[in-house]
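Reading the structure
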Amino acid sequence: MSSGSRVMRVAGGLALAVGLIGCASISATPQPSGGTASPSPLQPSPATSLPVSSVATSLPPASIFPSSGPTLEPTTAPTDTPPPAKTPKPATANLVITKFELDDNYILVETPTDYLVTVKNTGSADAGPFSVSVLEANEDDGSHSQSDPKMVNGLAAGKSTEVTISISLPKAGHWRLTATADSNAAVDESNEEDNDSEVSARVLAGLPDLAWSGSGFTMTPDAQKPGYFDIAAQFANQGTDDLAQESAFIGITWYRDEDGASGDLTPMPLTDMAKGEVRLLEGSQQMPGPGTYTVYALLDRDHVLNELSSDNNETSIRLTVP
């Protein structure tokens, strides 16, 4: 064998060994036109390169190489986690004013007046002892005072209680009264902002009081006019202030026994009266035919006057018309 053939066989064996161990790929490097480039140190010269088909047939099968894709790990299905248990709120009381009203639209100066306050425990627990009081604020000058507190021994959840508060205001004017449950802040409540209830009040220095006096109300037959009667109405202002308000009347109403008929006579006017004044009004009016009558006379027929009392405004008489 010639020395040239031996060299070629050795070079081919080396190229095949390099392809089997995967150290480098054997490829032809394109050469730029117009010159000859030096071969790369990692590339054999064109004289020693093997055909591509020879290298390919010499490689081991692809099945012996590991897959280049990602490895999937087995997953575990999530389990439902129950929500944490809620801590129940502690039971607490809650005191509210459900009723605080004035029976009249005025209060007299320095006159003790009792008012009813209704308190309810709307909470979920019983309330221990607590107090109820009324704040009295004068809206004209900003002065204020506090009523004496009224103690309550306790109040079960869902229950109500009535408390009577005595109020005495020192001067005339416009006042705002605020009733407060648990005014001494002795009860731990679920809501500390709903303990109050307010009303407005008008305070007067005094009031008139019309009442029948002397002979009161009388009707006498008129001898000159059959069926007519002379009427006399005597009354007084026995209150603590003058009567100087809107117009009012003395109403006169009749009822007839025989047939149950009824009607009104002409009312008599009420005008201003000084405190302590006594007045007599007289007139003549015709009755509506024969019969036996009950006649009622009412001071302030339309109830338009503020008085100390209206219980003494009515009187009645019996008469017969021939």
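Residues numbered from 1 in each chain as written. Predicted model: local features only at pLDDT ≥ 70, side-chain atom pairs only at ≥ 80, totals over all residues. Heavy atoms only, no water.

**Re the sheet that holds strand S12 (residues 248-256)**
Here is the rule we go by: Any two strands with at least two DSSP-identified bridges between them are counted as paired. A run of H or I in DSSP becomes a helix once it reaches four residues, and a run of E becomes a strand once it reaches two; helices and strands are each numbered from the N terminus. Between the N-to-C directions of two axes lies an angle of 0 to 180 degrees, each axis being a line fitted to C-alpha atoms and, for a helix, fitted only over the stretch in contact.
The antiparallel open sheet is built from four strands, whose spatial order is S13-S12-S15-S16. Each having just a single partner strand, strand S13 (262-270) and strand S16 (314-321) make up the two edges of the open sheet. Here the strands of the sheet are splayed against their neighbours by 20 degrees on average, with no regard to which way each runs. Note that strand S15 (residues 291-299) and S16 share eight bridges and pair antiparallel. Bridged to leucine 298 within S16 is glutamate 314.

**A word on the packing of aromatic side chains**
This is how the line gets drawn: Any Phe, Tyr or Trp ring, taking Trp's six-membered ring, that has another such ring centre within 6.5 Å forms a pair; planes under 30 degrees apart are called stacked, those over 60 apart edge-to-face, and the others tilted. Only protein chains enter the accessibility calculation, which uses a 1.4 Å probe; a residue whose area is less than 20% of its type maximum is buried, one above 50% is exposed, and one in between is partly exposed.
Following the criterion strictly, the structure yields four aromatic pairs and no others. Centroid distance tryptophan 212 to phenylalanine 235: 6.3 Å. Interplanar angle 80 degrees. Geometry classified as edge-to-face. Here phenylalanine 235 lies in strand S11 (residues 228-237) and tryptophan 212 lies in strand S10 (residues 210-221), a separation of 23 residues in the sequence. Each member of the pair tryptophan 212 and phenylalanine 235 is classed as buried. The interplanar angle of 75 degrees and the centroid separation of 5.6 Å between the aromatic rings of tryptophan 254 and tyrosine 293 together place this pair among those described as edge-to-face. With tryptophan 254 in strand S12 and tyrosine 293 in strand S15, this residue pair connects regions lying 39 residues apart in the sequence.

**Describing the sheet that holds strand S14 (residues 278-286)**
The strand order S10-S11-S14 describes an open sheet built from three strands, whose pairing is antiparallel. Of all the strands in the sheet, the pair left with one neighbour each is S10 and S14. Strand-to-strand twist in this sheet, taken as the mean axis angle between neighbours without regard to direction, amounts to 15 degrees. The pairing of S11 with S14 spans nine bridges and is classified as antiparallel.

**Looking at the environment of aspartate 103**
Tracing the backbone shows aspartate 103 in the loop between strand S1 (95-100) and strand S2 (107-108). Under the relative-accessibility criterion, aspartate 103 is labelled exposed at 73%. Separated by 13 residues in sequence, aspartate 103 and leucine 116 place their C-alpha atoms 9.5 Å apart.

**Some points on the pairing of strand S4 (residues 130-138)**
For S4, the tally of buried residues reaches seven of nine residues, placing the bulk of the element in the interior. Relative to strand S6 (residues 150-152), S4 runs antiparallel, the two sharing three bridges. Counted as the bridge partner of serine 131 is methionine 151 from S6. The sheet contact formed by S4 and strand S8 (residues 173-181) spans seven bridges and is antiparallel. Counterpart to serine 133 in the pairing with S8 is threonine 180.

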